[in-house]
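Here's the letter readout for the chains.
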Amino acid sequence: MSGNPPTILVFDSGVGGLTVLAPIRAARPDAHYVYIGDTACFPYGELPEPTLIEQVTTIITEMAERFQPDLIVIACHTASTLVLPELRARLSIPIIGTVPAIKPAAEQSKSKLISVLATQGTVKRDYTATLIRDFAGECEVTLVSASLLAGLAEAVLRGEAVEDAAILHEISPAFVANEDKKTDCIVLACTHYPLLLAAFQRVAPWSVTWIDPAPAIARRVVQLLGEAKTDTATPPRGLALLTDEASWTNALESAFADYGLVRFNGK
Ligand code: DGL
C-alpha cells in the first residue's frame, strides 16, 4: 500500500453503518471515506437470501469500480452473515464484514444468559447458529428478531419522534429472567441499534452490558491498513451516497455531517 491516505468504503442497508464508521474514523482520521447506504432496498432484514446476495454484490461491485477503495467494510450484519464469500470471490480488495459479537458476549457474561438482538435475517442465518455453537456453548442464548427496530433508528436520524414504548416493545424479549439468573449481556447485532443505545438504557427493565462490534471492526481496519501516517488536524470530509435520494432530509444531512460526511451529489 502507498503512503497516501487510504480510501475506505463503508456499506450498510441504511444509516446504521454510521455506528461502525465512527470508531474507524477515530482510528484513521486521515482516511478518505465513502459511505453507501442502500436505502432504496432497506430493510435488508426481510429480504429473501438470493435477492440480498444479488443486491449487495451488484452494488458493491459498482461502487468499488466508481470509488476505487483500498478497503471495504460491510457494516451490515444482515448482509455480512450471508454475502462475504460471494463478494470476496468477485473482488480482490480486502473486505471486512460485521457479524454478531456473540464470542465477546459469552466471554463477558457472568449469568451465562445472553441475548442477540438482530434482524429477522440475521437471527435465522446458519452463520449466527455456528457462532453460538462455537463460542457460546456454556450460555443460554436468546435470539430476538426485532423487526421494527432498524426502521425506528432510521426515523430518529431523519428527525422523527419515536415513542419509548415502541422501543421497549422491540427489546423486551431480550430480557430473560430464569430462577435467580437474568440476562446480563445483549449483543447489538445490527448496526442501527447503537444509534438507539441511550433509549435502550432508559427503557431497559434492568441494567445489562450492550455489546457493539464496531470497536473490533476499527481495530481490524488498523491491522490491515496500519496507523494514520499523516497529520490529521483537519480530517478530510467523507462522501455519503444513499441509493434512494428521497431518503435525505435536512436532519439526516446534519446527522451525517456530525460523522464528517457530506452528501454526494455526483453521478
Ligand atoms: N443495519 C442492518 C444490520 O446491521 C440491518 C437493517 C436492515 O434490516 O436493513 O443488520
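The structure presented is a predicted model; accordingly, all values stated were derived computationally and were not measured. (Residues numbered from 1 in each chain as written. Predicted model: local features only at pLDDT ≥ 70, side-chain atom pairs only at ≥ 80, totals over all residues. Heavy atoms only, no water.)

### Quick notes on the pattern of salt bridges
Test applied: Whenever a carboxyl oxygen of Asp or Glu lies within 4 Å of a side-chain nitrogen of Lys or Arg, that contact is scored as a salt bridge. For each residue, the accessible area found with a 1.4 Å probe, counting protein chains only, is set against the maximum for its type, and the residue is called buried under 20%, exposed over 50%, and partly exposed in between. The helix count covers DSSP runs of H or I at least four residues long, the strand count covers runs of E at least two residues long, and both are numbered beginning at the N terminus.
Taken as a whole and judged by the stated rule, the model has 10 salt bridges. The partner of R133 in a salt bridge is D134, with the nearest N and O atoms 3.4 Å apart. Among the residues examined, R133 registers a relative accessible area of 60% and is labelled exposed. E245 is the salt-bridge partner of R263, the closest N and O atoms lying 2.7 Å from each other. Here R263 is found in strand β12 (residues 261-263), whereas its partner E245 is found in the loop between β11 (238-242) and α11 (250-258), with 18 residues between them in sequence. Judged by relative accessible area, E245 falls into the partly exposed class, the value being 42%. Taken together, the salt bridges that share partners define one network made up of E245, E253 and R263.

### Some remarks on the site of the ligand
Defined as follows: Nearness here has a simple test: a residue counts as near a molecule or strand if at least one of its heavy atoms is within 4 Å of that partner. Whenever a nitrogen or oxygen atom comes within 3.5 Å of another N or O atom, the pair is scored as a polar contact, on the condition that within protein one atom can donate a hydrogen and the other can accept it, and that pairs from neighbouring residues in sequence are kept only if both atoms are in side chains. Accessible areas in this description were obtained via Shrake-Rupley with a 1.4 Å probe; residue shielding takes into account the shown protein chains only. Residue type decides the class: Asp, Glu, Lys and Arg count as charged, Ala, Val, Leu, Ile, Met, Phe, Trp, Tyr, Cys and Pro as nonpolar, and the leftover types, Gly among them, as polar.
Around the ligand, 14 residues are found, and the nearest of them are S13, Y44, T78, T191 and H192. One of the side-chain nitrogen or oxygen atoms of T191 is found 2.8 Å away from a nitrogen atom of the ligand. One nitrogen or oxygen atom from the side chain of H192 is found 2.8 Å from a nitrogen atom belonging to the ligand. Against a free-state accessible area of 300 Å², the protein chains account for coverage of 99% of the ligand. Along the lines of polarity and charge, the residues of the shell around the ligand split into 6 nonpolar, 7 polar and 1 charged.

### Regarding the pairing of strand β9 (residues 185-188)
Condition: Strand pairing requires that DSSP identify at least two bridges connecting the strands. Here, the term right-handed applies to a crossover whose path from the first strand over the helix to the second runs clockwise when the strands point away from the viewer.
Here β9 shows no split at all, with C185 and V187 on one side and I186 and L188 on the other all buried. Direction of pairing for strand β5 (residues 113-118) relative to β9: parallel, over a ladder of 4 bridges. When the sheet's bridge partners are listed, V116 is paired in β9 with V187. Here β9 pairs with strand β10 (residues 209-211) via 3 bridges, running parallel. Paired with C185 across the strands is T209, a residue of β10. Running through helix α9 (residues 197-203), the crossover from β9 to the neighbouring parallel element β10 is right-handed.

### With respect to the packing of helix α1 (residues 18-27) against helix α10 (residues 214-225)
Short version of the rule: Only the stretch in contact is used when a helix axis is fitted, and all axes are lines through C-alpha atoms; the angle between N-to-C directions ranges over 0 to 180 degrees. Here roughly perpendicular refers to angles of 65 to 115 degrees, roughly parallel to angles under 35, roughly antiparallel to angles over 145, and oblique to all remaining angles. Left-handed describes a crossing in which the near helix is turned anticlockwise from the far one by less than a right angle; the clockwise case is right-handed. Residue contacts are counted whenever heavy atoms from the two residues lie within 4.5 Å of one another.
Look at α1 against α10: their axes get within 8 Å of each other, and the N-to-C directions meet at 40°. Considered as vectors, α1 and α10 are oriented oblique to each other. Between α1 and α10 lies a crossing whose hand is right-handed. From α1, T19, V20, P23, I24 and A27 reach across to α10, where they touch A214, P215, I217, A218, V221 and V222. Within the contact of α1 with α10, the residues separate by chemical class into 10 nonpolar, 1 polar and no charged.

### Here's the deal with unusual backbone geometry
Of note, the bond from F42 into P43 is cis; its omega dihedral lies within 30 degrees of zero at 0°. Along the chain, P43 falls in the loop between β2 (32-37) and α2 (49-67). Backbone geometry places Q68, a non-glycine residue, at a positive phi of 50°. Tracing the backbone shows Q68 in the loop between α2 and β3 (71-74). According to the relative accessible area criterion, Q68 is exposed, its value standing at 56%. Even without being a glycine, E179 presents a positive backbone phi close to 45°.

### Considering the sheet that holds β11
Ordered in space as β4-β3-β1-β2-β11-β12, the 6 strands form an open sheet in which the pairing is parallel. Two strands close off the open sheet at either side, each with one partner strand: β4 (95-97) and β12. In this sheet, adjacent strand axes meet at a mean angle of 20° when their direction is disregarded. Pairing of β3 with β4 involves 3 bridges; the strand directions are parallel. Bridging from a neighbouring strand, V73 pairs with I96 of β4. Strands in contact with α1 are β1 (7-12), β2, β3 and β12; relative to β2, the strand with the most contacts, it is inclined by about 170°.

### A word on the pairing of β5
In terms of burial, β5 is a largely internal element, 6 of the 6 residues being buried. Residues L113, S115 and L117 line one face of β5 and the alternating positions I114, V116 and A118 line the opposite face, and both faces are buried. The pairing of β5 with strand β6 (residues 140-145) spans 6 bridges and is classified as parallel. Bridge pairing in β6 links S115 to T142.

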